[in-house]
Amino acid sequence: MDDMVQLDELSEKEAGLSAPEREGARKILRALAAGGREMAGLLASGPLKGLTGASGVVNVQGEEVQTFDEIAQEVFTRTLRETGAVRCLVSEERETPEIQNGGSGLFHVAMDPLDGSSNLAISGPVGSIFCVFRPSAGEPADPSAAVLLSVPSPVFSAYVLYSVSTLLVVSFGREVRQFALDPARGEFLPLPGTVRFPGDGGQIVSLNAGNASRWREGDQSYLRSLSGVPYSARYVGALVMDFHRNLLKGGIYLYPGDMPKGGSGGHPEGKLRLLYEAIPMAIIARAAGGEAVDGTRPILDVSPVHIHQRVPLVVGSRSLVEDYLRISASPS
Ligand code: AHG
Ligand code: MN
Ligand code: MN
């Protein structure tokens, strides 16, 4: 196994890609690195520029847009467009896909440009999440329908974590590689080896227990079952950070559906988005020996019907996800 693979070399290792696809994937990875570097710099000076507050704008999900959500949207839309390799770009921050390069690009891309944005106000960790799909043959003219048809054919997924250091994590589905931003050189450099969930599954459980009374019985039963086992609760409230910690240390992340209480709030279908949160993390989790489910089925078996579809997400070490499936299926 190559210990150090440069970002530019990653797509070369993928036998299932045509030569133009390898080149397109390489360009997209460069665009994610360039956007990630730019965002890391902007985020670092955010408090000094008064950029961490709310914008007063409400996005298509009905949530208030943070200033950085829109900045990240613009940064990655630009760096991706410049590759010439993107056909349709789906984003959490845009209701409809953006057609790039007149629709001539090789791939569709879905992104959450800024994940965990409620952490901005406290200088907490945030991230960016991406999934690249191969368009199917004879796709429909409607961009949303075209993207949905391509979802069963992912090419690679990636996230950028902006924290104590800035990391880029990438998987084409076979293995997971990490790159760290060298702030002096402005480049993402490889970290040695590949990343896998620890063999013992680990002990970390990440969930928003404040929602538990509004979860389905199976999810509540799983939470109760934890009182008998040694575990550590850790929750940052940014999927990228919570997932990344559990990937390295071993653990499970849950965001189940939660019912409205008192006629308001709630995410009965789950809060996280299938195309640009759950699927990319599921691809990385599987490639690292883990699993991701929607409560009963693998996330990668869910057929999307809407580009902004939400889904319950349980993701992490395989043995912990299997425990979750067993316990939540027969609540006691
Ligand atoms: P986003 O900032 O892109 O809307 O995503 C926030 C998501 C996810 O990152 C995080 O795990 C989850 O929302 C946290 O939700 P709660 O604050 O409801 O726990
Ligand atoms: Mn998000
Ligand atoms: Mn977001």
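Reading the values: rules and limits
Residues numbered from 1 in each chain as written. Chains lettered and ligands numbered in written order. Predicted model: local features only at pLDDT ≥ 70, side-chain atom pairs only at ≥ 80, totals over all residues. Heavy atoms only, no water. Phe/Tyr/Trp six-rings, centres within 6.5 Å; stacked < 30°, edge-to-face > 60°. Helix = DSSP H or I, 4+ residues; strand = E, 2+ residues; numbered from the N terminus. Buried < 20%, exposed > 50% of the residue type's maximum accessible area, 1.4 Å probe, protein only. Salt bridge = Lys/Arg side-chain N within 4 Å of Asp/Glu carboxyl O. Domains from an automatic or database assignment. Contact = heavy atoms within 4.5 Å. Buried area = accessible area lost by both parts, 1.4 Å probe.

### A word on the packing of aromatic side chains
Part 1: Counting across every chain of the model gives six aromatic pairs.
Part 2: Centre to centre, the rings of Phe197 and Phe243 are 6.4 Å apart; their planes meet at 85 degrees, and the pair counts as edge-to-face. Residue Phe197 is found in the loop between strand 10 (187-190) and strand 11 (204-206), and its partner Phe243 is found in helix 5 (residues 239-249); the two are separated by 46 residues along the sequence. Take Phe197 and Phe243: they sit in the same class, and that class is buried.
Part 3: Ring centres of Tyr235 and Tyr253 lie 6.3 Å apart, and the angle between their planes is 20 degrees; on these two criteria the pair is classed as stacked. Highlighted residues: Tyr235 in the loop between strand 12 (232-233) and helix 5 and Tyr253 in strand 13 (residues 251-255), separated in sequence by 18 residues.

### As for the pattern of salt bridges
Part 1: Counting across every chain of the model gives 20 salt bridges.
Part 2: Close ionic contact of Arg78 with Glu38 constitutes a salt bridge, the shortest N to O distance being 2.7 Å. Of this pair, Arg78 sits in helix 2 (residues 67-81) while Glu38 sits in helix 1 (residues 19-44); the two residues are 40 residues apart in sequence, bridging distant segments of the chain.
Part 3: For Glu38, a relative accessible area of 30% puts it in the partly exposed group.
Part 4: Residues Arg94 and Glu70 are paired through a salt bridge, measuring 2.6 Å at the closest nitrogen-oxygen approach. Taken together, the residues Arg94 in the loop between strand 3 (86-91) and strand 4 (98-99) and Glu70 in helix 2 connect sequence positions 24 residues apart.
Part 5: Salt bridges here are not isolated pairs; linked through shared partners, they connect Asp8, Glu23, Arg26 and Arg30.

### Notes on the domain arrangement of the chain
Part 1: Considered domain by domain, the chain is made up of domain 1 (7-190) and domain 2 (204-329).
Part 2: For domain 1 versus domain 2, the separation of C-alpha centres amounts to 22 Å.
Part 3: Taken together, the 42 residues of domain 1 in the interface contact 28 residues of domain 2.
Part 4: Taken over both partners, the interface formed by domain 1 and domain 2 buries close to 2600 Å², and the fraction arising from carbon and sulfur atoms is 69%.
Part 5: On the surface where domain 1 and domain 2 come into contact, there are one salt bridge.
Part 6: With a shortest N-O distance of 2.6 Å, Glu92 and Arg273 are connected by a salt bridge.
Part 7: Those elements that provide at least two residues to the side of domain 1 that touches domain 2 are strand 3, strand 5 (107-115), strand 6 (126-133), helix 3 (143-150), strand 7 (154-162), strand 8 (166-171) and strand 9 (176-182).

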